[in-house]
Amino acid sequence: PSRRRRRGIRCGRCRDQRTRPALNRTIERINPPPANTRVEIVRENFRGGQVRGEWVIGRQASAPIPGSRILYYMHGSGYVVCSPRTHRGLVGRLGNKTGLPAFSLDYRLAPEHAWPCAGNDAVRGYRWLLSQGYRAEDIVVAGDSAGGHLALETADRLWIPVKRDWRLNERH
């Protein structure tokens, strides 16, 4: 490739990193959480790394209590943008529909953190939930786009059986 083209790629990468916060703010504005959604930020050191994320508790969901069912959610957007905050609206609506509180993981993003960082964060988050007293059979692992890939990656790496019954709540 020509020198000009290489320079363009490098500049494009820098531009993307500078525009990430503005893009995230825009997504937050167009996808607000439902009224009365509660959020509890989590930042904990665990097994040689950090678990970052937030509990999102919709108005129809109960508080997260070990021993009860929860949703473990991983956001999408190609591993390079977004966060639990940008997906708070979606996760809050999922919580309202299912009646489940959700832990939304804040995994490390590319290009600053190469694969398998995001996958390692997803597995660490799941193990952290287990250490908090949640049972494997009570954790519904989910995600959209890249987060859907992380959900499957987590299930595969930890040998979590995938249930064929997709009903999350008997009320619906």
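Residues numbered from 1 in each chain as written. Predicted model: local features only at pLDDT ≥ 70, side-chain atom pairs only at ≥ 80, totals over all residues. Heavy atoms only, no water.

A. Layout of unusual backbone geometry. With an omega dihedral of 5 degrees, the bond running from Ala110 to Pro111 counts as a cis peptide bond. In this structure, Pro111 sits in the loop between β4 (102–105) and α3 (117–131). Put simply, Trp115 and Pro116 share a cis peptide bond, and its omega is 20 degrees. In this structure, Arg47 is a non-glycine residue whose phi angle is positive, near 50 degrees. By the element assignment, Arg47 lies in the loop between β1 (38–46) and β2 (49–57). Overall, the relative accessible area of 61% leaves Arg47 in the exposed class. (Helix = DSSP H or I, 4+ residues; strand = E, 2+ residues; numbered from the N terminus. Buried < 20%, exposed > 50% of the residue type's maximum accessible area, 1.4 Å probe, protein only.)

B. Structural detail: empty space enclosed by the protein. Scanning the model with the defined rule gives 1 cavity of 30 Å³ or more in all. Here the largest cavity defines a volume of roughly 30 Å³. Along its surface, the largest cavity is lined by Gln50, Val51, Arg52, Leu105, Asp106, Tyr107, Asp121, Arg124 and Gly125. For the lining of the largest cavity, the secondary-structure elements that each account for two or more residues are β2 and α3. Among the residues forming the lining of the largest cavity, the class breakdown is 3 nonpolar, 2 polar and 4 charged. (1 Å grid on protein atoms, 1.4 Å probe; cavity = no way out; pocket = protein on both sides within 12 Å on 5 of 7 lines; lining within 4 Å. Points joined across faces, edges and corners; volume = space filled by probe spheres on them. Nonpolar A, V, L, I, M, F, W, Y, C, P; charged D, E, K, R; others polar.)

C. Seen up close, the side chain of Asp106. Inspection of the secondary structure assignment puts Asp106 in the loop between β4 and α3. Once you skip the residues sitting within four places of it in the chain, Asp106 turns out to touch Arg43, Arg52, Gly53, Ser83 and Pro84. (Contact = heavy atoms within 4.5 Å.)

D. Molecular detail of the nonpolar core. Trp55, Tyr72, Phe103, Tyr107, Trp128 and Leu129 are the most contacted members of the largest nonpolar core, which totals 24 residues. Looking at this core, the elements with two or more residues in it are β1, β2, β3 (70–74), β4, α3 and α4 (146–158). If you tally residues by element for this core, the top one is α3, at 5 residues. (Core = buried A, V, L, I, M, F, W, Y, C linked by side-chain atoms within 4.5 Å.)

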